[in-house]
Amino acid sequence: SINEIIISIDNFVWGMSLIILSLGSGLLFSITLKFPQIRLFKEMVRCSFKNKKGDAGLTPFQALSIAIGGRVGTGNITGTASAILFGGPGAVFWLCMMAIICSMSAYIESALAQVWKEKYNGEYAGGPSFYMNKGLKFKPAGVFYALLSVIFLIIFAGVQTNAFSSVAVASFNISPFIVAVIYTILLVLVIFGGAKAIANVADKVVPFMSISYVAVAILLILINITKVPAMFSLIIRSALSMDAVFGGILGASISWGVFSNEAGLGTGAWVAGCADVSHPAKAGLSQAFSIFISLLICIATSLMILITDSYNVVGANGNYIVQNIVGDYDVFTTKSIDSVVSGFGSVFISLAMFLFTFTTIMAYSIYLNNINYFFFGGHTNKKNIKLISILINIAITILAFLGPLVKSSTIWSMASAMCGIISLINLISLILLYKPGIATLKDYERQLKMGIDPVFIPEECGIKDAELWNKIIEEDYSEELANYKKVFKE
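Here the structure is a predicted model, which is why all the values come from computation and not from measurement.

A. Structural view of the pattern of salt bridges. By the definition in use, this model includes six salt bridges. The shortest N-O distance in the salt bridge between Lys134 and Glu118 comes to 2.9 Å. Of the two residues, Lys134 sits in helix α8 (residues 128-134) while Glu118 sits in strand β1 (residues 118-120), which places them 16 residues apart along the sequence. Looking at Lys134, the relative accessible area reads 22%, which means it is partly exposed. Lys137 is the partner of Asp465 in a salt bridge, and the nearest nitrogen-oxygen pair spans 2.2 Å. Taken together, the residues span a long stretch of sequence, with Asp465 in the loop between α20 (434-449) and α21 (468-476) and Lys137 in the loop between α8 and α9 (139-172) at a distance of 328 residues. By relative accessible area, which is 27% here, Asp465 ends up partly exposed.

This is the structure:
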């Protein structure tokens, strides 16, 4: 059947080759750059919240908020629960390790998106297809990646609403059709307002939803504080296969860790290319920081589930090796909260799922708009580009509406297969563009050491075909450029 074919493709692309590429590229960038995700963590935070900008792009914080909105979705609740179901408590350890390592892939892809960004109709646009075209000088790869991304992002809009609908229908016993109608109306009100409207919503909603979710997790942990030592002991023993119960699923635990974040997928790079910054490294460091925010939500979910024993674990043979509750992984988090305040779990998780999925779809609209610029930015006028953007948003809206009304397994397998394919393409591109990616951070640190606010001059990094940057620096960052010349030209 078609469904079986889709599942076969999905299983193939998410095999060992993708694990090796994802983990290998993260280690390569981390070791070469001497683990900036640790050394420069304070700088990552500073780059994320500094809001100086011109009129052509998003502020760093807006870009960060949209990226977090894109990264924090169903995967942080139901996906994390799935990791525990199939990988045991040790999956939490590997979630953390892989996020830290692979955050450098997020840096590289976002910095490269900035290096080769373009300016259309007064707006910046950049992303994987742009650096495949101008960096790799292989436009077919960029076109193929963009086409698959369009299909993936539009389909995944349906995945997000499907996930929310499953929770809402079970919690409040309402019709999926009603959920689809209300959700779609709210979505239309935001995404048809354009990038600025999305940014204005994202930079308010994303901090609220993230802080609220973590606060509930902390409260739950404090209530069960006496169980904390045993919980962390279980996580470590399971992760290192020291616990006989979970020893047989070590491989599954590591695999879930590799695939726990979007670093290397390239989606975050689409919004990174929109940011108005004086140096690509600033956008790269900010996007690396977004991986840690996404990880924080995953950790919050994991600890709520584990500290209340609201989980089951399936062995390699498909049978339960641990069964603490009745229900599948999609109720783990709800059960954990209900264990403290009966009935509150359904309400809270429904609200969290709504906010997480809603901001994810908003981010997809931004990503797709940049893909629109990649295909048509140099060949159509502003009116035509706007028309295509409207058609893209209509497609997102239709899939978002249909999401609650279709079988979840089919739509999930389609989106997952597309996700795996574009990950392979992007990770290979990042490795091939290793030198310019590394050069951006080395140049940034060189200027930081001299006590100046870094500016990007492509020629100084040995990077070609990035002439737009000379104009950006001269027009928008003249003061910083003067300081640069004073330090390095005299």
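B. Quick peek at the pairing of strand β4 (residues 320-323). In this sheet, β4 lies alongside strand β3 (residues 312-314) in antiparallel orientation, the contact comprising three bridges. Across the sheet, Val313 pairs through a bridge with Val322, a residue of β4. Connecting β3 to the antiparallel partner β4 that follows it, the hairpin turn spans five residues, and Gly318 within it adopts a positive phi of roughly 90°.

C. Representation of the packing of helix α7 (residues 90-115) against helix α15 (residues 280-307) in the model. It is at 7 Å that the axes of α7 and α15 come closest, and there the two elements cross at 155°. As the angle between them shows, α7 and α15 are arranged roughly antiparallel. Regarding α7 and α15, the two cross each other, and that crossing is right-handed. Residue composition of the contact of α7 with α15, by class: 20 nonpolar, six polar and no charged.

D. Layout of unusual backbone geometry. The phi angle at Lys137 is positive, at roughly 60°, despite the residue not being glycine. Lys137 sits in the exposed class, given a relative accessible area of 56%. Located in the positive-phi region is Asp309, a residue other than glycine, with phi close to 55°. With respect to the helices, strands and loops of the structure, Asp309 is situated in the loop between α15 and β3.

E. Structural view of the packing of helix α4 (residues 41-49) against α15. Contact geometry of α4 with α15 gives a least axis separation of 8 Å together with a crossing angle of 105°. Viewed along their axes, α4 and α15 adopt a mutual orientation that is roughly perpendicular. Every residue of α15 that contacts α4 at Phe41, Glu43, Met44, Val45, Cys47, Ser48 and Phe49 is listed here: Lys282, Leu285, Ser286, Ala288, Phe289 and Phe292. Among the residues forming the contact of α4 with α15, the class breakdown is nine nonpolar, two polar and two charged.

So, how was this worked out
Residues numbered from 1 in each chain as written. Predicted model: local features only at pLDDT ≥ 70, side-chain atom pairs only at ≥ 80, totals over all residues. Heavy atoms only, no water. Salt bridge = Lys/Arg side-chain N within 4 Å of Asp/Glu carboxyl O. Helix = DSSP H or I, 4+ residues; strand = E, 2+ residues; numbered from the N terminus. Buried < 20%, exposed > 50% of the residue type's maximum accessible area, 1.4 Å probe, protein only. Pairing = 2+ DSSP bridges. Axes fitted to C-alpha atoms, helices over the stretch in contact; angles between N-to-C directions. Parallel < 35°, antiparallel > 145°, perpendicular 65-115°, else oblique. Left-handed = near helix turned anticlockwise from the far one by under 90°. Nonpolar A, V, L, I, M, F, W, Y, C, P; charged D, E, K, R; others polar. Contact = heavy atoms within 4.5 Å.

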